[in-house]
Amino acid sequence: MIKGSKEFYKSKVLKELKEELKFKSVMQVPVLERIVLNMGLGEAKNNKAVLTEGLKALGLIAGQKSVATKAKKSIAGFKIKEKMPIGAKVTLSGDRMYECLVRLIHVAIPRIKDFHGIKRDSFDGRGNYTLGIEDVNVFPEVSFMHSRLLRGMSVVFVTSTNDDRQSLALLEKMGLPFKKGKMKK
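Residues numbered from 1 in each chain as written. Predicted model: local features only at pLDDT ≥ 70, side-chain atom pairs only at ≥ 80, totals over all residues. Heavy atoms only, no water.

Student: Before we go on, may I ask you to explain the overall build of the chain in this structure?
Tutor: Along the chain, the regular secondary structure elements total four helices and five strands. Here the chain, with 185 residues, has 43% of them falling under the buried criterion. A separation threshold of at least 6 residues defines the contact pool for the chain, and within that pool the share at least 24 residues apart is 67%. As displayed, the chain has an accessible area near 10900 Å², and 52% of this comes from carbon and sulfur atoms. (Helix = DSSP H or I, 4+ residues; strand = E, 2+ residues; numbered from the N terminus. Buried < 20%, exposed > 50% of the residue type's maximum accessible area, 1.4 Å probe, protein only. Contact = heavy atoms within 4.5 Å. Areas by Shrake-Rupley, 256 points an atom, 1.4 Å probe, with all protein chains shown as cover.)

Student: Help me understand helix H3 (residues 94–108), please; the structure alone is not making it clear to me.
Tutor: Since the α-helix packs 3.6 residues into each turn, any two residues three or four apart lie on the same face. Here H3 is 15 residues long and its end C-alpha atoms lie 20 Å apart, about the 21 Å a rise of 1.5 Å per residue gives. Within H3, the full set of buried residues consists of Met97, Tyr98, Cys100, Leu101, Val102, Leu104, Ile105 and Ala108. Those residues of H3 that are buried lie in contact with helix H1 (6–20), strand E1 (32–40), strand E3 (85–92), strand E4 (129–133), strand E5 (153–159) and helix H4 (164–174). (Expected span 1.5 Å × (residues − 1).)

Student: Is there a simple way to think about the pairing of E5 in this case?
Tutor: Here is the key point about a regular strand: its side chains alternate between the two faces of the sheet. Within E5, seven of the seven residues are buried, which leaves it mostly tucked inside the rest of the structure. Every second residue of E5 is oriented toward a common face, with Met153, Val155, Phe157 and Thr159 on one face and Ser154, Val156 and Val158 on the other, all of them buried. Pairing between E4 and E5: five bridges, direction antiparallel. Its bridge partner lying in E5, Leu131 is registered against Val155. (Pairing = 2+ DSSP bridges.)

Student: In this structure, what is going on with unusual backbone geometry? I would like to understand it.
Tutor: Most of the time, phi is negative for any residue but glycine, and the peptide bond is trans. Even without being a glycine, Lys22 presents a positive backbone phi close to 55 degrees. Along the chain, Lys22 falls in the loop between H1 and E1. Given the relative accessible area of 70%, Lys22 is considered exposed. Positive phi, close to 50 degrees, is recorded for Asp114, a residue that is not glycine. For Asp114, the position within the fold is in the loop between H3 and E4.

What follows is the structure in C-alpha cells.
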C-alpha cells in the first residue's frame, strides 16, 4: 500500500482517524473530496504562449484537460480587461485525485530544494488547505523546455470537514509531510 492512495485511505487512515477523532461511525471521518491545481498566468495578457504553456503543463501534471481562468473584472492598473484569460486550473476527483496525491507526496515534494516540511498555517478556516509550489519543474511530467515561461502553482485540498484540525489530521495521515509543531489559529 502506498501512502496517499485510495486503498491506503480505506484500509488505514479511515480506521485511525475514527479512533483519533473519537467518531462513532466511519461516515463521520473526513474525506478528501477533490484537489484543485491552479496557476496564475498574469503574463498571458502580453504573451499568449504563456497561457498555452500553462494549460499544457497543468494538463500533463493532472492527466486531464485544464481550463483557462478569466478575469472577473477589469483592473486598469494591471492592464487587465474583464474576461481576459489570466490563469489555468484543473479540478481532480476520484481515482485521478488519488494518483495526483501519490505523485505529489512521493515524487514532486521530495524534489523541492531546501524542503523542511509543509507549513501548517495555510488552512482557510473551512477545512481546506492550500499548498504553494514555487517551481512546476518538481513534477517530472513537465520538462524544463515546456515550462520555461512558467513559475509556480497552488494545490488546494478540499475536504469534507469544516474543521481545520480534522483536515490537518486527515492530510497528515494521508502522507503530506507537515512541519513539526502546533497549528496556528
